Amino acid sequence: MKREDFVFCIGYQGDSAVIDGQSKKEFGKLDTKALAEKGLFRAAFCSAVYSGNTAEMQIVLNAFNSSAGTNLTRTEDMKRLLGVFEVEEDIKKSIVV
């Protein structure tokens, strides 16, 4: 699965990822930090998970806490909150909606 597809994935149907095409087109080239700065926290966190970079995950966590007034301390909390855990390996194709 390509990074932009994972970042803007809104669900799965069988072996296909369902992608938010409008968001992908508008924000697909932004890096993790830029996505977080725009308030696109789920997309930013997906980007960090895709890269596997824990420092990026922490940047998103801190930006989210600052914006939402929360006090999440672990990236595991953010994963549970957003429902983003790992890049699905068995996805064969993408459906853009």
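Keep in mind that what you see is a predicted model, and the values were worked out from it rather than measured.

This brings us to helix α5 (residues 54–68). Quick reminder: α-helices carry 3.6 residues per turn. Residues three or four places apart thus point the same way. Given a rise of 1.5 Å per residue, 15 residues ought to cover 21 Å, and the 21 Å separating the end C-alpha atoms of α5 matches this to within 8%. Listing the buried residues of α5 in full gives M57, V60, L61, F64 and N65. Relative to the axis of α5, the buried residues are bounded by an arc of 135° and lie together on one face. Across α5 from its buried face, at more than 90 degrees, point the exposed residues S66 and S67. For α5, the N-terminal capping position is held by N53, with its side-chain oxygen 2.8 Å away from the main-chain nitrogen of A55. Phi turns positive, to about 70°, at G69, one or two residues after α5.

Take the pattern of salt bridges next. This structure, assessed with the given rule, holds four salt bridges. Ionic pairing is found between K24 and D5, a salt bridge with its closest N-O pair at 2.6 Å. Here D5 lies in helix α1 (residues 3–7) and K24 lies in helix α2 (residues 21–27), a separation of 19 residues in the sequence. Judged by relative accessible area, which is 5%, D5 ranks as buried. Notably, a salt bridge pairs E76 with K79, separated by 3.5 Å at the nearest N-O pair. One end of the pair is E76 and the other is K79, both in helix α6 (residues 75–82) and three residues apart, which spans about a single turn. Of the residues examined, E76 reaches a relative accessible area of 38% and is grouped as partly exposed. Here K79 falls in the buried class, since its relative accessible area comes to 14%.

Basis of the calculations
- Starting afresh in each chain, residues are numbered from 1 along the sequence in its written order.
- Restriction of local features to residues with pLDDT of at least 70 applies here, the model being predicted, together with a cutoff of 80 or more for giving and counting side-chain atom pairs; totals for whole chains, interfaces and linings are based on all residues.
- Side-chain measures were taken over the full set of non-hydrogen atoms in the model, leaving aside hydrogen atoms and water.
- Helix and strand labels come from DSSP, where a helix needs a run of H or I of at least four residues and a strand needs a run of E of at least two; each type is numbered from the N terminus.
- Multiplying one less than the number of residues by 1.5 Å gives the expected span of a helix.
- Partly exposed residues are those whose accessible area sits between 20% and 50% of the maximum for their type, while under 20% is buried and over 50% is exposed, using a 1.4 Å probe and protein chains only.
- By construction, the arc corresponds to the directions joining the helix axis to the C-beta atoms.
- Side-chain atoms alone can form a polar contact between residues adjacent in sequence; in general such a contact is a pair of N or O atoms within 3.5 Å, and within protein one must be able to donate a hydrogen while the other accepts it.
- We define a salt bridge as a contact between a side-chain nitrogen of Lys or Arg and a carboxyl oxygen of Asp or Glu at a distance within 4 Å.

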